[in-house]
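Residues per chain, in single letters:
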Amino acid sequence: MTFRLYNTVLDVTAVLAFVMVAYFVTYSQWLGKNASMILPDSFNQLNTIFLSLIIEAIPFVLIGVLIAGCIQMFITEEHVKRWIPQNKYRAILMGCLVGSVFPACECGIVPIVRRLVAKGVPLPASIGFLLTGPLINPIVILSTYMAFGNDMRMAGLRMGVGFVAALLIALFISTLFKTNQLKHSVSGLYGSEGSPQIEVSFMKKLKGMCVHSIDEFFDMGKYLIIGAFVAAFVQTYVQAQSLFLFGEGLMGATVVMMGLAFVLSLCSEADAFIGASFSSLFPSGAVLAFLIYGPMIDLKNTIMLLSVFKSRFVFTLFLSITVIVFICTITISMVGR
């Protein structure tokens, strides 16, 4: 209990320190004016991008940790065993289908998946949920439809190709990993997983949900901050022209757009408008790769995944997403010609 309280105090202090530094450097009349005289313009750009990524992601992370808290307190292992099909392939299909109607971004869904895996949801089914949730939920499809001039073609391709890619990735992962691959036991973090089920009142469960949500938020929040800073740094100081070393053909353009999706770390609810702006520069297949790849894996949520799962698993997941999304989008582009 003392160790947990100590970690919580450290996490809260770190976040408060970050907020104070960001405020004084950016907005304080006393320090901001003096700092602006010695800091380069690129630092202000870095700061702007960093804060925009944080502000963009925080609401979805809050929703995610609240849902994770609900799962922790109101869903038992018996519920999971009753709801999840025993057949591996049906479980993967169910995970992808549930994710496709679940509005979440790639950051907010990480704590939910951690909690589901800890509750006994099979890893491949959880990965299907992880991939389809930020990619093809109703909000994302609607934003894609609007971004491309009320044209359903790109929204439909994003939904169809993305769903097939998620199924293939989850199936591939199921052949390589048989255990849950969590880096740490969730019971070690929160002290309730694996303990005997004791009947408690609804109000106590509600209080427990809030406690778990707060713990989850500060545990995941520090990795969100690190990931957002790295993404902002790369956007500020890495020249976009360097990505065009891969060439200008369909395959080269697809690699470029996937690289941009990874680096930019955009929220999946807004990335369609950025993708649409590239339509005049890149083939539609490359733009489709941008729309599918970014919500599945980006710089920001890779760091969050590394905080939850073992490094070998995250690296394998990253490679499988990259290869399968590339093959799927190239194939659909060839067929569409």
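What you see is a predicted model; the values in this text were computed from it and never measured.

Student: I would appreciate a short explanation of the overall build of the chain in the present structure.
Tutor: From N to C terminus, the chain includes 16 helices and zero strands. Burial analysis of the chain (337 residues in total) assigns 48% to the buried set. Sequence separation of 24 or more characterises 85% of the internal contacts of the chain that already satisfy a separation of 6 or more.

Student: Got a minute to help me understand the nonpolar core in this structure?
Tutor: Side chains of nonpolar character tend, in soluble globular proteins, to be buried together. Ranked by internal contacts, the top residues of the largest apolar core, which has 89 residues, are M296, F309, F313, L317 and I321. Per-element accounting of this core gives the leading share, ten residues, to helix α3 (residues 41-74). When sequence neighbours within four positions are dropped, the list of residues in contact with F309 reads V113, V117, L123, N180, Q181, L182, K183 and V314.

Student: Quick question: what am I supposed to make of the environment of N180 here?
Tutor: On the secondary structure map, N180 appears in the loop between α9 (152-176) and α10 (186-190). The class for N180 is partly exposed, based on a relative accessible area of 37%. Considering only alpha carbons, one finds N180 and F313, 133 residues apart in sequence, at a separation of 9.9 Å. With sequence-adjacent residues up to four places away left out, N180 is seen in contact with V117, L123 and F309. Within polar-contact distance, the side chain of N180 engages the backbone nitrogen of L182 at 3.0 Å.

Student: Is there a simple way to think about the packing of aromatic side chains in this case?
Tutor: For any pair of aromatic rings, geometry is given as the distance between the ring centres together with the angle between the planes. According to the stated counting rule, one finds three aromatic pairs in the structure shown. Geometrically, the ring pair formed by F262 and F318 is edge-to-face, given 5.6 Å between the ring centres and 65° between the ring planes. Separated by 56 residues along the polypeptide, F262 in helix α12 (residues 250-264) and F318 in helix α16 (residues 311-336) bring together distant segments of the chain. You can call F318 partly exposed: its relative accessible area is 24%.

Student: How should the packing of α9 against helix α14 (residues 284-296) be read in this particular structure?
Tutor: Two quantities define a packed helix pair, namely the angle between the axes and the distance from one axis to the other. Packing of α9 against α14 brings their axes to within 10 Å, and their N-to-C directions diverge by 55°. Between α9 and α14, the angle is such that the two are oblique. The hand of the α9/α14 crossing is right-handed. Two secondary-structure elements touch here, α9 through R153, M154, L157, R158, V161, G162, A165, A166 and I169 and α14 through S284, V287, L288, L291, I292, P295 and M296. Its residues assigned to classes, the contact of α9 with α14 comprises twelve nonpolar, two polar and two charged.

Student: How should the packing of helix α7 (residues 123-136) against α14 be read in this particular structure?
Tutor: For the pair α7 and α14, interaxial distance at closest approach is 8 Å and the crossing angle is 130°. Put simply, α7 runs oblique to α14. The chirality of how α7 crosses α14 is right-handed. Here α7 contributes L131, P134 and L135 to the contact with α14, which in turn contributes L291, I292, P295 and M296. Taken together, the residues that form the contact of α7 with α14 break down as seven nonpolar, no polar and no charged.

Student: Help me out: how do you make sense of α14 in this one?
Tutor: Each full turn of the α-helix corresponds to 3.6 residues, which orients residues three or four apart in the same direction. For α14, spanning 13 residues, the distance from its first C-alpha to its last is 19 Å, which sits close to the expected 18 Å at 1.5 Å a residue. Counting buried residues in α14 gives twelve out of 13 residues, a clear majority hidden from the surface. Buried within α14 we find G285, A286, V287, L288, A289, F290, L291, I292, Y293, G294, P295 and M296.

Student: What is the right way to look at α12 in this model?
Tutor: Over its 15 residues, α12 runs 21 Å from end to end, which matches the ideal 21 Å to within 8%, given 1.5 Å per residue. Summarising burial for α12: twelve of the 15 residues are buried, a large majority. For α12, the full list of buried residues reads L250, G252, A253, T254, V256, M257, M258, L260, A261, F262, V263 and L264. Directly after α12, the chain includes S265, whose backbone phi takes a positive value near 55°.

Student: For this particular structure, what's the right way to read the environment of E106?
Tutor: Structurally, the position occupied by E106 is in the loop between α5 (88-100) and α6 (109-118). The class for E106 is buried, based on a relative accessible area of 1%. Through-space distance from the C-alpha of E106 to that of L266 is 9.3 Å; in sequence the pair is 160 residues apart.

Student: Teacher, can you tell me more about unusual backbone geometry here?
Tutor: Among all residues save glycine, negative phi is the norm, and among peptide bonds the norm is trans. With phi around 55°, N150 is a residue other than glycine that occupies positive phi space. Mapping N150 onto the fold places it in the loop between α8 (138-147) and α9. Non-glycine residue Q181 carries a positive phi angle of around 65°. Residue Q181 is classed as buried on the basis of its relative accessible area of 8%.

Reading the values: rules and limits
- Residues numbered from 1 in each chain as written.
- Predicted model: local features only at pLDDT ≥ 70, side-chain atom pairs only at ≥ 80, totals over all residues.
- Heavy atoms only, no water.
- Helix = DSSP H or I, 4+ residues; strand = E, 2+ residues; numbered from the N terminus.
- Buried < 20%, exposed > 50% of the residue type's maximum accessible area, 1.4 Å probe, protein only.
- Contact = heavy atoms within 4.5 Å.
- Core = buried A, V, L, I, M, F, W, Y, C linked by side-chain atoms within 4.5 Å.
- Polar contact = N/O pair within 3.5 Å; in protein donor to acceptor, adjacent residues only side chain to side chain.
- Phe/Tyr/Trp six-rings, centres within 6.5 Å; stacked < 30°, edge-to-face > 60°.
- Axes fitted to C-alpha atoms, helices over the stretch in contact; angles between N-to-C directions.
- Parallel < 35°, antiparallel > 145°, perpendicular 65-115°, else oblique.
- Left-handed = near helix turned anticlockwise from the far one by under 90°.
- Nonpolar A, V, L, I, M, F, W, Y, C, P; charged D, E, K, R; others polar.
- Expected span 1.5 Å × (residues − 1).

Fair warning: the whole summary comes from geometry, so function is off the table for now.
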